[in-house]
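Chains, contacts and geometry: an overview
What follows is each chain in one-letter form.
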Amino acid sequence: MTILRSPRLADGTARGIPDATVARLPVYLRALNALADQGVLSCASGELAEQAGVNPAKLRKDLSYLGSYGTRGVGYDVEYLRYQIAREMGQTQDWDVVIVGVGNLGSALSAYQGFSTRGIRVAALVDADPARVGAEVSGIVVSPVDQLGAIVAERRISIGVIATPGEAAQEVADRLVAAGITSILNFAPALVQVPEGVDVRKVDLSIELQILAYHEQRKTSRDATGKEVGV
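First things first, this report covers the structure right here in the doc. On a predicted model such as this, the values are computed, not experimentally measured, just so you know. (Residues numbered from 1 in each chain as written. Predicted model: local features only at pLDDT ≥ 70, side-chain atom pairs only at ≥ 80, totals over all residues. Heavy atoms only, no water.)

Broken down by element type, the protein chain carries 8 helices and 10 strands. Counted over contacts in the protein chain with a minimum sequence separation of 6, partners at least 24 positions apart contribute 53%. Surface summary for the protein chain: the accessible area is close to 13,300 Å², and the carbon and sulfur share equals 52%. (Helix = DSSP H or I, 4+ residues; strand = E, 2+ residues; numbered from the N terminus. Contact = heavy atoms within 4.5 Å. Areas by Shrake-Rupley, 256 points an atom, 1.4 Å probe, with all protein chains shown as cover.)

Further remarks concern the packing of helix 2 (residues 45–52) against helix 3 (residues 56–64). Remark: helix 2 packs on helix 3, axes separated minimally by 8 Å, with the N-to-C direction vectors making an angle of 100°. Between helix 2 and helix 3, the crossing angle belongs to the class labelled roughly perpendicular. Residues S45, G46, L48 and A49 of helix 2 form the contact with helix 3, whose own contacting residues are P56, L59, R60 and L63. (Axes fitted to C-alpha atoms, helices over the stretch in contact; angles between N-to-C directions. Parallel < 35°, antiparallel > 145°, perpendicular 65-115°, else oblique.)

Counting residues in each nonpolar core, the largest one holds 22 residues, and the members touching the most others are V98, L148, I157, I162 and L176. Where this core is concerned, the elements lending two or more residues are strand 4 (95–100), strand 5 (120–127), helix 6 (148–155) and helix 7 (169–179). Per-element accounting of this core gives the leading share, 5 residues, to helix 7. For I162, the contacting residues outside a window of four places in its chain are V100, A169, V172, A173, L176, I184, L185, N186, F187 and A188. (Core = buried A, V, L, I, M, F, W, Y, C linked by side-chain atoms within 4.5 Å. Buried < 20%, exposed > 50% of the residue type's maximum accessible area, 1.4 Å probe, protein only.)

A few words on the layout of surface pockets. Approximately 250 Å³ is the volume attributed to the second largest pocket. Lining the second largest pocket we find 18 residues, and of these G101, A128, T164, P165 and A168 sit closest to its centre. Within the residue set of the lining of the second largest pocket, elements represented by two or more residues are helix 5 (104–111) and helix 7. No other element matches the 3 residues that helix 7 contributes to the lining of the second largest pocket. (1 Å grid on protein atoms, 1.4 Å probe; cavity = no way out; pocket = protein on both sides within 12 Å on 5 of 7 lines; lining within 4 Å. Points joined across faces, edges and corners; volume = space filled by probe spheres on them.)

It is worth spelling out the sheet that holds strand 3 (residues 75–77) at this point. Ordered by their spatial adjacency, 3 strands build an open sheet running 1-3-2, and the pairing between neighbours is antiparallel. On the outer flanks of this sheet lie strand 1 (42–43) and strand 2 (70–71), each paired with one strand and no other. Note that strand 2 and strand 3 share 2 bridges and pair antiparallel. Residue pairing across strands places T71 opposite G75, the latter belonging to strand 3. (Pairing = 2+ DSSP bridges.)

Positive phi outside glycine occurs at S138, with the angle close to 55°. A residue is classified by how much of its surface remains accessible, and S138, at 42% relative accessible area, is partly exposed. In this structure, R156 is a non-glycine residue whose phi angle is positive, near 55°. Inspection of the secondary structure assignment puts R156 in the loop between helix 6 and strand 8 (159–162).

All right, on to the environment of V152 then. Along the chain, V152 turns up in helix 6. You can call V152 buried: its relative accessible area is 4%. Each C-alpha atom of the pair V152 and L176 lies 8.6 Å from the other, and the pair is 24 residues apart in sequence. Those residues within four positions of V152 in sequence are excluded, and the remaining contacts are I157, A179 and I181.

Here we take up the side chain of D204. Locating D204 in the fold gives a position in the loop between strand 10 (199–202) and helix 8 (205–220). A distance of 2.5 Å separates the side chain of D204 from the side chain of S206, its partner in a polar contact. (Polar contact = N/O pair within 3.5 Å; in protein donor to acceptor, adjacent residues only side chain to side chain.)

Attention shifts here to the packing of aromatic side chains. Under the counting rule described, the total for this entry stands at 1 aromatic pair. Measuring from ring centre to ring centre gives 4.9 Å for Y112 and F115, while their planes differ by 90°; the resulting arrangement is edge-to-face. The class of Y112 is partly exposed, set by a relative accessible area of 45%. (Phe/Tyr/Trp six-rings, centres within 6.5 Å; stacked < 30°, edge-to-face > 60°.)

In this section: the packing of helix 1 (residues 19–37) against helix 3. With their axes 10 Å apart at the nearest point, helix 1 and helix 3 run at an angle of 105° to one another. Taken together, the axes of helix 1 and helix 3 lie roughly perpendicular to each other. Contacts between helix 1 and helix 3 involve T21, R24 and Y28 on the former and, on the latter, K58, L59, D62 and L63. In terms of residue class, the contact of helix 1 with helix 3 is made up of 3 nonpolar, 1 polar and 3 charged. (Nonpolar A, V, L, I, M, F, W, Y, C, P; charged D, E, K, R; others polar.)

Structure below.
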């Protein structure tokens, strides 16, 4: 999960970054972290592109939206570039998150250790089920959904995660928006409508698995010559 801070032009206005580039920035950061762990101090665009699984031209274009951080003939300073990407993605500060829905998925998300290394901190857990309210999950006491507004205001939370069944997703999204949340990560198997100014990212695991199943079906429908066989 990332919060991108748009770079500024000389006049102070925000410079837009294409969504496709935004989606690749975490991949570049992960590649840079791996290089740093190996003790690499600088790398060429080709080396970084190979680590990230993209072509060098695309990588250079993506990084050009952030500024000129490379040196011709030398490449990129690994530590400096990863700081710049982390800064643009909002990872040089902590972002508190509230998770709504503390079933199996919500509980698993609250326990995920990878958030803390990316500037994300699960600050609150909320559920509508009285049986879950008051229970402690990953060291956090589950609060009733009616307290969502107060929790968001008190802790200045701007990111909410929906981990509820699909039928409850829109109501939860409405509550999050009313509470002041401006970024939502939606794990529920449903689309939600939000007003302008609120960003929503949808994660649908079933769709991702169906896509993989499609590719598996294509593999198994080929004969030994590599030609696709009708099914």
